[in-house]
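# Commentary on secondary and tertiary structure
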Amino acid sequence: MFRALRPVPARPSGTVRTCVLLVLLAGTGIAILELVREQTGTPGFFVGLGLALLPVVPLMAAFRWLGRAAPAPWSQLLFCFAWGACTAALIAILANNFATQWIAAATADPSEADQLGSVAIAPVVEESAKAAALLLVFMFRRRHFTGPADGFVVAGFTAIGFAFTENILYLGNAFVQDLADGTGVLDSVTAATFFVRIVLSPFAHPLFTVLTGLGFGAAAVSARRPRRIFLPLLGLALAMGMHALWNGSSRFGDHGFYVVYSCVMVPLFGLLVWVAVRIRRSRLRAVAGELALYAAAGWLAPAEVPALASMPARSLARSLARRSGGRAAGRAVARYEADAVALALLRNRARRGGLLREADFAGRERELLDRLWQRRATAGPALARAAVMEELLPPAFDPSEPFRPSEPLRPSGPLQPSESAAGPTGPVGLPGPRRQEPSVRRSGPWTPTTPAGPSSIRPCVLPGGDGVR
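Note that the structure is a prediction, hence the values are computed from the model and not measured. (Residues numbered from 1 in each chain as written. Predicted model: local features only at pLDDT ≥ 70, side-chain atom pairs only at ≥ 80, totals over all residues. Heavy atoms only, no water.)

## Considering the overall build of the protein chain
Helices and strands together make up the secondary structure of the protein chain, namely twelve helices and zero strands. Here the protein chain holds 469 residues, and 48% of them are scored as buried. In the protein chain, of all internal contacts separated by at least 6 residues, the share reaching a separation of at least 24 is 76%. (Helix = DSSP H or I, 4+ residues; strand = E, 2+ residues; numbered from the N terminus. Buried < 20%, exposed > 50% of the residue type's maximum accessible area, 1.4 Å probe, protein only. Contact = heavy atoms within 4.5 Å.)

What follows is the structure, encoded as structure tokens:
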């Protein structure tokens with residue numbers, strides 16, 4: 001007798017997951033809005049809202065700058081901000097209030113309960129609630145989670161949202177207290193709260209949660225399963241520890257806050273800024289190294305590689321395209337740049353043993369190459385001209401010759417030549433397209449040409465003898 005096989009339940013579609021998340025964010029947003037308004041009163045809520053908005057745009061711009069080398073979709077970043085501002089904030093307020101009331105009832109000391117809750121309970125609850133957004137992106141938007149830079153940016157936007165809601169609550173309550181006491185503006189609790197939370201430490205929550213984001217980012221490029229589990233947990237534990245130290249700084253004496261701020265927070269902030277810049281530069285180097293392989297196989301013009309690895313050249317290429325072809329041409333170049341960078345990071349991540357299955361890599365590579373080819377007639381000449389204008393090419397560079405940068409690009413693993421039936425010889429498994437090279441000129445307006453379509457694309461075998469990924 002054969003036993004009937006049970007049908008495997010289908011995973012929810014992307015549309016269903018999106019609808020569920022939108023309903024969750026809307027529900028928690030309404031709940032947190034009403035909860036904060038009840039605690040601060042309507043006047044305090046609007047004052048707190050206006051003051052809390054001030055650091056949001058600069059902080060978003062800073063984290064967006066870090067991620068511009070391979071920008072994440074705005075929809076993903078706005079989801080993270082909304083999760084932090086609505087869902088994570090609601091979880092934190094409810095859990096912290098419950099824990100504080102339970103400790104106060106058990107110890108009969110409300111002041112001690114508040115201090116213990118802020119040091120022992122709040123860091124665990126708040127960092128776990130913020131980390132949930134990173135976990136969702138890591139699980140369901142893995143193609144956009146390619147390394148530490150993505151973890152840095154996603155964590156930053158989530159923490160900015162959380163700090164925004166928390167600042168409304170603190171500033172609104174301070175304003176209500178000042179109204180009741182009739183305090184002047186300069187001597188008010190509102191001014192002191194604004195100085196500490198908005199001027200001195202607007203980066204506090206992003207600083208904590210970025211540690212969790214770096215753990216998820218390192219896990220995304222790790223080949224070993226234990227590391228993929230351990231690294232996010234390590235980052236989360238460090239975030240909780242830093243948060244607890246910050247909340248408990250007032251217990252270290254009259255000057256404890258300033259000691260922790262100057263000796264711990266500021267140096268850590270400087271260290272993470274340095275790490276962020278290094279990550280951005282490393283990502284651009286990876287883009288150059290991986291795209292050089294596709295240029296050698298004929299999928300990109302040699303002059304496009306240095307342009308795609310330079311943020312000023314990318315911006316200039318979009319500007320040139322808009323000038324000659326209007327907004328549609330500018331958008332085409334922007335999408336071409338995004339797809340080229342995604343292709344480079346896809347290959348780099350697979351080479352380093354990241355979370356990619358063979359079918360995922362082959363299908364995603366095929367999709368990105370097709371999209372690049374569709375826009376190459378518009379984007380290729382603009383990028384090549386931008387590379388010339390930014391002086392990224394040797395003085396006597398000939399676009400028809402292979403790309404030879406001043407500093408050699410060193411992709412990991414040996415390159416073994418193989419011949420493609422449809423095009424030029426390139427790295428292992430890199431299919432060669434049938435094409436006509438667009439002409440590139442050093443001066444005068446550029447004129448897009450229409451290349452022939454690419455040949456059938458085979459899965460790309462990564463150098464280093466790993467086989468098809």
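Having seen it, we continue.
## Brief notes about unusual backbone geometry
Phi at E391 is positive, roughly 60°, even though this residue is not glycine. Residue position: E391 is located in the segment after α12 (358-389). A relative accessible area of 69% means that E391 is categorised as exposed.

## Some details on the nonpolar core
F152, W246, M265 and L272 are the most contacted members of the largest nonpolar core, which has 64 residues in total. Where this core is concerned, the elements lending two or more residues are α1 (14-52), α2 (56-67), α3 (74-107), α4 (110-140), α5 (148-181), α7 (204-220), α8 (225-247) and α9 (256-296). Of the residues forming this core, the biggest block, twelve residues, is contributed by α3. Discounting chain neighbours no more than four positions away, the residues touching L272 are F152, L207, V210, L211 and L214. Grouped together as the second largest cluster of nonpolar side chains are 39 residues, A297, V305, V341 and L369 included. (Core = buried A, V, L, I, M, F, W, Y, C linked by side-chain atoms within 4.5 Å.)

## As for the pattern of salt bridges
Taken as a whole and assessed by the stated rule, the structure comprises eleven salt bridges. For R37, the salt bridge identified is with E34, shortest N-O distance 2.9 Å. Of this pair, R37 and E34 both sit in helix α1, three residues apart, which is roughly one turn of that helix. Its relative accessible area of 31% is what places R37 among the partly exposed residues. On the accessibility criterion, E34 (34% relative accessible area) is partly exposed. Residues D150 and R283 are paired through a salt bridge, measuring 2.8 Å at the closest nitrogen-oxygen approach. (Salt bridge = Lys/Arg side-chain N within 4 Å of Asp/Glu carboxyl O.)

## Considerations on helix α11 (residues 311-351)
For α11, which comprises 41 residues, the first-to-last C-alpha distance of 24 Å sits more than 12% below the rise-based estimate of 60 Å (1.5 Å per residue). In the structure, α11 departs most strongly from a straight axis at G325, where the bend amounts to approximately 145°. (Expected span 1.5 Å × (residues − 1). Bend = angle between axes of the 7 residues up to and from the residue.)

## So, a nonpolar patch on the surface
Side chains of F230, L234 and L238 sit close together on the surface and give an oily, nonpolar patch of about 290 Å² of accessible area. Look at L238 and you get partly exposed, because its relative accessible area is 46%. (Patch = residues over 30% accessible without salt bridge, like charges linked within 9 Å, V, L, I, M, F, W, Y side chains within 5 Å. Areas by Shrake-Rupley, 256 points an atom, 1.4 Å probe, with all protein chains shown as cover.)

## Remarks on the packing of α5 against helix α6 (residues 189-200)
Running from N to C, α5 and α6 point in directions that differ by 160°, and their axes come no closer than 8 Å. As summarised for this structure, α5 and α6 are arranged roughly antiparallel, according to the angle between their axes. As for how α5 packs across α6, the hand of that crossing is right-handed. Facing E166, N167, Y170, L171, A174, F175, Q177 and D178 of α5, the residues of α6 in contact are V189, T190, T193, F194, R197 and I198. Broken down by class, the residue content of the contact of α5 with α6 amounts to seven nonpolar, four polar and three charged. (Axes fitted to C-alpha atoms, helices over the stretch in contact; angles between N-to-C directions. Parallel < 35°, antiparallel > 145°, perpendicular 65-115°, else oblique. Left-handed = near helix turned anticlockwise from the far one by under 90°. Nonpolar A, V, L, I, M, F, W, Y, C, P; charged D, E, K, R; others polar.)

## Structural notes on the packing of aromatic side chains
Applying the stated rule across the entire model yields 13 aromatic pairs. On the numbers, 6.3 Å between centres and 45° between planes, the contact of W246 with Y261 is tilted. Taken as a pair, W246 in helix α8 and Y261 in helix α9 lie far apart in primary sequence, 15 residues in all. Accessibility expressed as a relative area gives 16% for Y261, which makes it buried. Ring geometry for F257 versus Y258: centroids 5.2 Å apart, planes at 80°, classification edge-to-face. The exposure class of F257 is buried, given its relative accessible area of 18%. Taken together, the ring pairs in this structure connect W246, F257, Y258 and Y261 into an aromatic cluster. Above the ring of F162, the side-chain terminus of K130 is found at 5.0 Å from the ring centroid. (Phe/Tyr/Trp six-rings, centres within 6.5 Å; stacked < 30°, edge-to-face > 60°. Lys NZ or Arg CZ within 6 Å of the ring centre and 35° of its normal.)

## Structural notes on the packing of α4 against α8
Close contact between α4 and α8 brings their axes to 8 Å; oriented N to C, the two are set at 140°. In terms of their interaxial angle, α4 and α8 are classed as oblique. The handedness of the crossing between α4 and α8 comes out as right-handed. Only L236, A239, M240, H243, A244 and N247 of α8 make contact with α4, whose side of the interface consists of S118, V119, A122, P123, V124, E126, E127, S128 and A131.

## Remarks on α7
In a regular helix each residue adds 1.5 Å, so 17 residues correspond to 24 Å; α7 covers 25 Å between its end C-alpha atoms and thus fits that length. At V210, α7 shows its largest kink, close to 25°. Of all 17 residues in α7, 16 are buried, a share of seventy percent or more.

## Considering the confidence of the model for the protein chain
Should the pLDDT be low somewhere, the predicted coordinates at that spot are not to be read in detail. Mean pLDDT over the protein chain: 79, with 79% of residues reaching 70 or higher. Here residues 402-429 is modelled with pLDDT under 50, and outside its nearest four sequence neighbours on either side it reaches 58 contacts, counting other chains as well. Low confidence marks residues 434-469, where pLDDT is under 50. Its contacts with residues over four positions away, or in another chain, come to 105 contacts. (pLDDT = per-residue confidence, 0-100.)

## Quick notes on the environment of L392
Inspection of the secondary structure assignment puts L392 in the segment after α12. Along the primary structure L392 and A313 are separated by 79 residues, whereas in three dimensions their C-alpha atoms are 8.6 Å apart. In contact with L392, not counting residues within four places along its chain, are P306, A307, S310, A313 and A387.

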